[in-house]
Amino acid sequence: MTEEKKVYTTALIGAGARGVDQLAGRAVATGRFRFVAVCDPSQDGREFFKSRISRDVREFESFDDLMAWNDFDVAVITSPDFAHEAQAVACLEAGKDLLLEKPIAISHAGGTRVVEAAERNKRVVVVGFVLRYAPLYARAKELVDQGWIGKLTTIWVLHSVKSGSDWYFHDWHGTFANTGGLLLQKGSHDFDIINWFAGSRVQQVSAIGSRDVFGGDKPNGLRCPQCGERHACPERMPDDHPRTQCAFRREIDCLDNHMVLMEFENGVKASYDECHYTPDDNREYIFIGTKGKLKLDDRAGKLTMELRHSGDVMEYRPSAGREGHGGGDPRLIEDLAHAIDSRTQPLAGVKAGLESIRVGLMAHESIRRDGQVVRDLE
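Residues numbered from 1 in each chain as written. Predicted model: local features only at pLDDT ≥ 70, side-chain atom pairs only at ≥ 80, totals over all residues. Heavy atoms only, no water.

Asker: Would you take a moment to explain the sheet that holds strand β12 (residues 292-297) for this structure?
Answerer: Sheets are built from strands that pair by backbone hydrogen bonding, the pairs being arranged parallel or antiparallel. Sheet architecture is open: 8 strands sit in the order β8-β9-β10-β7-β11-β12-β13-β14, paired in mixed fashion. Edge positions in the sheet fall to β8 (202-210) and β14 (313-316), since each has one partner strand and no second. In this sheet, neighbouring strand axes are inclined to one another by 10° on average, regardless of whether the strands run parallel or antiparallel. By the bridge criterion, 7 bridges tie strand β9 (residues 257-264) to strand β10 (residues 269-275) in an arrangement that is antiparallel. The partner of V260 across the bridge, within β10, is Y272. Taken strand by strand, helix α6 (residues 135-145) contacts β7 (152-160), β11 (282-289), β12, β13 (302-307) and β14, and its axis lies near 175° from that of β12. (Pairing = 2+ DSSP bridges. Helix = DSSP H or I, 4+ residues; strand = E, 2+ residues; numbered from the N terminus. Axes fitted to C-alpha atoms, helices over the stretch in contact; angles between N-to-C directions. Contact = heavy atoms within 4.5 Å.)

Right under this line is the structure:
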């Protein structure tokens, strides 16, 4: 007889598309999570949740009101980045387990507070590092760990972001105050994968970066539908698009082009390039060891391994299925349920979340210092 597993009452905090369709929807589909509350300051966001997930929920405009009610087991936090720290700490102190979107905070001190709250209250925190769960990345990790390319010495990563205009510069993502910089918001996925494969702690970082395309002198309140230059603007968003803030407004201070060099305590060296105005969207990873090289092409869903002495070339195409983030989203939700059931650490835990933002913050600090090597955060 199959043991019946507990269904966890759950609150969604932040009712955007990521939270509603990609996480809440998949959580409900597992049969392990029942949403009893949605919290979002926007009535449109709450209505969106109810139209997609369930109308039989409590609605909260205020996070404080949600926590005063407090009648749920698990929180899924997909609010804007600047809110993650305070909301995560409050939920942990109230005894909730979490699915916490990355970055876990926008400062190292804030991330440390999240880690300490999780440990102090003995709570499970799964960070939204979906790439760890995607079959393509999981298979690459297996091949490296099994020694097929020998001892890992070098990691090269090229992250091309076609969607920079859409996702990062037409709304709140465009400022450091909201995100801590795009090396936290976007790059934290990749720094986590680099850290995971390296299996060590970064000991020094140097970086350069610039704002080549986005930002400018337009009013902060300007939106595409009201702009007199909209018909000639290459970055114009459709009038009915959810993100229509001008991509050339004055407040934008996030960079759109970054190059980062890292050295780990175990000697592994890595480079990471992230550009937000490429014509394509892709992540390309190269792992080099003493015996060979493994290439990961995210868009093609393909791994290619070439060995030095034999000249053998092998290709792998792990089945990703049709689920989000190359099959990573549903596996992340499954790991959340398993970790809560067993009270064990998940694959993508809160300490990994802290180490990822540490690298991103060190890189931004190096950029501020004109590429000077940064060995830790002060």
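Next comes the rest of the description.
Asker: Whenever I open this one, the pairing of β11 confuses me. Can you help?
Answerer: Moving residue by residue along a regular strand, the side chains alternate between the two faces of the sheet. Within β11, 7 of the 8 residues are buried, leaving the element largely enclosed by the surrounding structure. In terms of strand pairing, β7 meets β11 through 8 bridges, oriented antiparallel. Of the residues in β11, the one forming a bridge with W156 is I286. Hairpin geometry of β11 and β12 is characterised by an intervening segment of 2 residues between the two adjacent antiparallel strands. (Buried < 20%, exposed > 50% of the residue type's maximum accessible area, 1.4 Å probe, protein only.)

Asker: Would you take a moment to explain helix α5 (residues 108-120) for this structure?
Answerer: Structural remark: α-helix, 3.6 residues per turn; residues separated by three or four positions point the same way. With 13 residues, α5 should cover 18 Å at 1.5 Å per step; its first-to-last C-alpha distance of 18 Å lies within 8% of that length. Listed as buried for α5 are G110, G111, V114, V115, A117 and A118. All buried residues of α5 fall inside an arc of 160° around its axis, so they share one side. Of the surrounding secondary structure, the elements contacted by the buried residues of α5 are α4 (81-93), β5 (97-100), β6 (125-127) and α12 (350-368). For α5, the N-terminal cap is S107; the gap from its side-chain oxygen to the backbone nitrogen of G110 is 2.9 Å. K122 sits one or two residues past α5 and shows a positive phi near 55°. (Expected span 1.5 Å × (residues − 1). Arc of directions from axis to C-beta. Polar contact = N/O pair within 3.5 Å; in protein donor to acceptor, adjacent residues only side chain to side chain.)

Asker: What exactly am I supposed to notice about the side chain of R26 here?
Answerer: Turning to its location among the elements, R26 is positioned in helix α1 (residues 17-30). Among the polar contacts made by the side chain of R26, one reaches the main-chain carbonyl oxygen of Q22 at a distance of 3.0 Å.

Asker: Explain α4 to me, please; I cannot follow it from the model alone.
Answerer: All of the buried residues along α4 are D81, A83, H84, Q87, A88, C91 and L92. Among the residues trailing α4, G95 stands out with phi positive, at a value near 85°.

Asker: Explanation requested: the pattern of salt bridges in the structure shown.
Answerer: Here the idea is simple: oppositely charged side chains can pair when their charged atoms come close. Scanning all chains against the criterion turns up 30 salt bridges. Among the ionic pairs, D341 bridges to R32, the shortest N-O distance being 2.7 Å. Of this pair, D341 sits in helix α11 (residues 324-342) while R32 is found in the loop between α1 and β2 (33-39), placing the two residues 309 residues apart along the sequence. (Salt bridge = Lys/Arg side-chain N within 4 Å of Asp/Glu carboxyl O.)

Asker: I tried to follow the packing of α1 against helix α2 (residues 43-52) on my own but got confused; where do I start?
Answerer: Helix-helix packing: each pair is described by the crossing angle between the helix axes and the interaxial distance. In the contact formed by α1 and α2, the axes pass within 10 Å of each other and the chain directions differ by 15°. Considering their axes alone, α1 and α2 lie roughly parallel with respect to each other. Crossing handedness for the pair α1 and α2: right-handed. Only F48, F49 and R52 of α2 make contact with α1, whose side of the interface consists of A17, V20, D21 and A24. Considering only residue class, the contact of α1 with α2 consists of 5 nonpolar, no polar and 2 charged. (Parallel < 35°, antiparallel > 145°, perpendicular 65-115°, else oblique. Left-handed = near helix turned anticlockwise from the far one by under 90°. Nonpolar A, V, L, I, M, F, W, Y, C, P; charged D, E, K, R; others polar.)

Asker: Before we go on, may I ask you to explain the packing of aromatic side chains in this structure?
Answerer: Any pair of aromatic rings gets described here by the distance separating the centres and the angle formed by the planes. Enumeration over the complete set of coordinates arrives at 11 aromatic pairs. Arranged with centres 6.3 Å apart and planes meeting at 90°, the rings of F82 and W172 form a pair that is edge-to-face. On the criterion of sequence distance, the pair formed by F82 in helix α4 and W172 in the loop between α7 (164-168) and α8 (176-179) is long-range, its members being 90 residues apart. Accessibility expressed as a relative area gives 43% for F82, which makes it partly exposed. Plain terms: the ring middles of F169 and F214 are 4.3 Å apart, the flat faces sit at 15° to each other, and that makes the pair stacked. One end of the pair, F169, is in the loop between α7 and α8; the other, F214, is in the loop between β8 and β9, and 45 residues separate them in sequence. Owing to a relative accessible area of 0%, F169 belongs among the buried residues under this scheme. Ring pairs connect the aromatic residues Y137, W196, F197, Y285 and F287, which therefore count as one cluster. Against the face of F72 rests K96, its NZ or CZ located 4.4 Å from the ring centre. (Phe/Tyr/Trp six-rings, centres within 6.5 Å; stacked < 30°, edge-to-face > 60°. Lys NZ or Arg CZ within 6 Å of the ring centre and 35° of its normal.)

Asker: Got a minute to help me understand the side chain of H84 in this structure?
Answerer: Checked against the element boundaries, H84 lands in helix α4. A residue is classified by how much of its surface remains accessible, and H84, at 1% relative accessible area, is buried. From its side chain, H84 meets the backbone oxygen of S79 in a polar contact 2.6 Å long. Aside from chain neighbours lying at most four places away, what touches H84 is I77, S79, L100, E101, K102, P103 and I104.

Asker: Please clarify how the nonpolar core should be interpreted in this entry.
Answerer: Most often, soluble globular proteins have nonpolar side chains that are buried together. Membership of the largest hydrophobic core comes to 58 residues, with the highest contact counts inside it found for F33, F49, L66 and I104. Setting aside its immediate chain neighbours within four residues, L66 contacts A11, I13, A37, C39, F60 and F72. Counting residues in hydrophobic clusters, the runner-up holds 41 residues, among them L143, L152, I194 and Y285. (Core = buried A, V, L, I, M, F, W, Y, C linked by side-chain atoms within 4.5 Å.)

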